[in-house]
Amino acid sequence: MKNDIQATTEGVELTDGFHLLMEALEMNGITNIYGLLGIPVTEIGRMWQARGNKFFSFRNEQNAGYAASVAGYLTKKPGICVTVSAPGFLNGLTALANATTNCFPMILISGSSEREVVDLQQGDYEEMDQLNIARPHCKASFRINRTEDIGVAVVRAIRTALSGRPGGVYLDIPARLFSTTMSAEEGKKSLFVPVDPAPAQIPGPDAVARAVALIKGAKKPLILLGKGAAYAQCDADIKALIEETGIPFTPMSMAKGLVSDIHPQCAAAARSMVLQESDVVVLIGARLNWLLAHGKGKTWGGAKKFVQIDIQANEMDSNVPIAAPLVGDVESCVNALRAGLKGMTKPTEWMDAIAERASGSKAKLGTKLATATPIMNYFNSLGAIRDVLKNHQDVTLVNEGANALDNARMIIDQYQPRKRVDTGTWGVMGVGMGSAVAAAVETGKPVVAVCGDSAFGFSGMEIETITRYNLPVTVIIMNNGGIYRGDEANPAHQVSCMTFNPNTRYDLLMQSVGGEGVRVNTPEELTKALEASLKSGKPTLIEAIIDPAAGVESGRIGNLNIVSTIGKK
Ligand code: OXK
Ligand code: ADP
Ligand code: MG
């Protein structure tokens, strides 16, 4: 950290808001900032870089925000996004809200107009009451009004983002504060690092005993791993719980690989069977929201009891009664369960039945993946990707789309924790490129982003960002020419609202920004192109031509896409 004091007045060394903010972030171990510069935050980027840190400049704040949120998820430190005021702030706010929904720690720092003008609505440049607009979309919204408060504000933002259920924090900095000066000595004294910002939360012994009794009494127990379990970074403890008890597990999408998808106890390929037939389900960092059919209905079959591990007490009973709530952090709760379940009889018969169903499904899927078609479909193309990635298990797979998402989740195995980043709790499109940048930056390892052509379009300009920073990212566009499908005709002979220009050349777009751009038509060509890009480590875009008729409406969640009850008129 440099102590580059700006100026002196009458012998007093001075610092200012810019310097104090940067020193506070550095002191708290932040090295990477994702953002988009302009009035009034431009100097942050220049100065941050001059101090030897990394600033990743994006083409749209939303993508920078998604990058910051994924950095937070992967590192358990808040990801930082910096934006300009009003419109830039609003773009970033989408990502902050998404981070909060996904329980990813992130801090959005936006410059803002001066309060006296905003509060009287006198029409400032990019005037907006950002502090209040942010408030309902994140865990906390703070404004810094005095330079001497910068240290405490940064610590408060960090502790809020990390503690309890992680999430987003907004930090509002009126432009003038950046250049406001104060004594360097006093400023230095005002900065600090929080002690234990995400404290362990130990579950009560009664709650543990209740859960242990329920699990021991189960005939068909199931462990369901969510992205909260992946976030917790206690991978070995979770694996030990699963192996010591012999209980089958199934992962939610971003928990794939937390325990390997090819682990003998993985029940992912018998998903509907285990959800329906299990009698006791242990949820670890997974919410019973829409992604789990709210814990009820035909997805869940007959009567069952839930054990739920979550740090957020009021997550319990959010949808259905929780028989054994375990409120605490995943690591403490999992280890408490392990102690209580020592020597438990393994449910071998149940596990054998699941393994049989799973191997049947895998065989069926294997046949589909190996079936050649005149134009590639989702199965044979994703099958080719799966086979290449089997030999590159440290690659982070970023995945967005509808069919491209659902099929890749089903087909592509994950072997290591936190190696899959996708559309998350909202099922949001456009997270792909920001997530890919953050995953490459934070892991230092290659990234493969499998995107539908529609999803890619939301953040496509960031391929320039990827090439500018020369990141080892391979973007694979599953190009079927539209949303869901590319062959939808418009009955009124207009341009269809569901399809894109069939002459679009995504491969040439990538070439135009200096990356490798390849177009492939067969699984063999796809294999070759992906292997080459992983070998070279160069920013690459592979445009995979998929049958326009291959997709289905909304992938596997078509039931959510409401149709008119009286038909089309
Ligand atoms: C899984 N399966 C397998 C395997 N793995 N078969 C063979 N081999 C292997 N290895 C089977 C599994 O048993 C299921 O079949 C099926 O594949 C699908 O598995 P899975 O795990 O993907 O489960 P499901 O039910 O499709 O999805 C659960 C979910 C998921 C809700 C958690 O759908 C999800 O994360 N959805 C997010 C969707 C989303 O966000 N879309 C973006 C919106 S698109 P069965 O027979 O056992 O069931 C959009 O914006 O608008 O449309 C829009
Ligand atoms: P998924 O979509 O994979 O099912 P969710 O995002 O729905 O996962 O659920 C994640 C849950 O994990 C949230 O309810 C959150 O409160 C919880 N969580 C996050 N971190 C921890 C932690 N360290 N300990 C316990 N629970 C956690
Ligand atoms: Mg498409």
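The coordinates are above.
Computed from a prediction, not measured in an experiment: that's the story for all the values here. All residue numbers refer to positions counted from 1 along the written sequence of the respective chain. All chains are assigned letters beginning at A, and all ligands numbers beginning at 1, according to the order in which they are written. Under the rules for a predicted model, residues below a pLDDT of 70 receive no local features and side-chain atom pairs below 80 are neither given nor counted, while totals for whole chains, interfaces and linings still include all residues. In computing side-chain values, all of the structure's heavy atoms are included and hydrogens and water are not.

A. Geometry of the packing of aromatic side chains. Two aromatic rings, drawn from Phe, Tyr or Trp (for Trp, its six-membered ring), form a pair once their centres lie within 6.5 Å of each other, and the interplanar angle then sorts them: stacked below 30 degrees, edge-to-face above 60, tilted otherwise. What the rule picks out here adds up to 8 aromatic pairs. Centre to centre, the rings of Y73 and F104 are 4.9 Å apart; their planes meet at 40 degrees, and the pair counts as tilted. Taken together, the residues Y73 in helix 3 (residues 61–75) and F104 in the loop between helix 4 (86–102) and strand 6 (106–112) connect sequence positions 31 residues apart. Using a relative accessible area of 4% as the deciding quantity, one classes F104 as buried. Cluster of aromatic residues (ring-pair linked, three or more members): Y34, F56, F58 and Y469. Numbering of helices and strands starts at the N terminus; helices are DSSP runs of H or I of at least 4 residues and strands are runs of E of at least 2. Only protein chains enter the calculation, and the probe is 1.4 Å; a residue is then buried if its accessible area is under 20% of its type maximum, exposed if over 50%, and partly exposed in between.

B. Region of the structure containing helix 12 (residues 235–245). Among all positions in helix 12, only D235, D237, I238, A240, L241, I242 and T245 are buried. Of the surrounding secondary structure, the elements contacted by the buried residues of helix 12 are strand 10 (221–225), helix 11 (227–231), strand 11 (249–251), strand 12 (280–284) and helix 14 (330–341). In the stretch just after helix 12, G246 is the one whose phi turns positive, near 70 degrees. Contacts are assigned to residue pairs that have any heavy atoms within 4.5 Å of one another.

C. Quick look at the pattern of salt bridges. The working definition used for a salt bridge is a side-chain nitrogen of Lys or Arg within 4 Å of a carboxyl oxygen of Asp or Glu. Inspection of the entire model under this criterion finds 27 salt bridges. The salt bridge partner of E26 is R51, with a shortest N-O separation of 2.8 Å. In this pair, E26 sits in helix 1 (residues 17–27) while R51 sits in the loop between helix 2 (42–50) and strand 4 (54–57), placing the two residues 25 residues apart along the sequence. The class of E26 is buried, set by a relative accessible area of 14%. In this structure R51 comes out as buried when scored by relative accessible area, which is 11%. Taking the shortest distance from any N to any O, the salt bridge between E464 and R468 comes out at 2.9 Å.

D. Highlighting the packing of helix 3 against helix 4. Only the stretch in contact is used when fitting a helix axis, every axis being a line fitted to C-alpha atoms; angles between N-to-C directions are given from 0 to 180 degrees. Between helix 3 and helix 4, the least distance of the axes is 7 Å, while the angle of their chain directions is 30 degrees. With respect to helix 4, the axis of helix 3 lies roughly parallel. The chirality of how helix 3 crosses helix 4 is right-handed. In this structure, helix 3 contributes E61, Q62, G65, Y66 and S69 to the contact, and helix 4 contributes G88, N91, G92, T94, A95, N98 and A99. By the definition adopted for this analysis, an angle is roughly parallel if under 35 degrees, roughly antiparallel if over 145, roughly perpendicular if from 65 to 115, and oblique otherwise. Handedness of a crossing follows from how the near helix is turned relative to the far one, being left-handed for an anticlockwise turn of less than a right angle and right-handed for a clockwise one.

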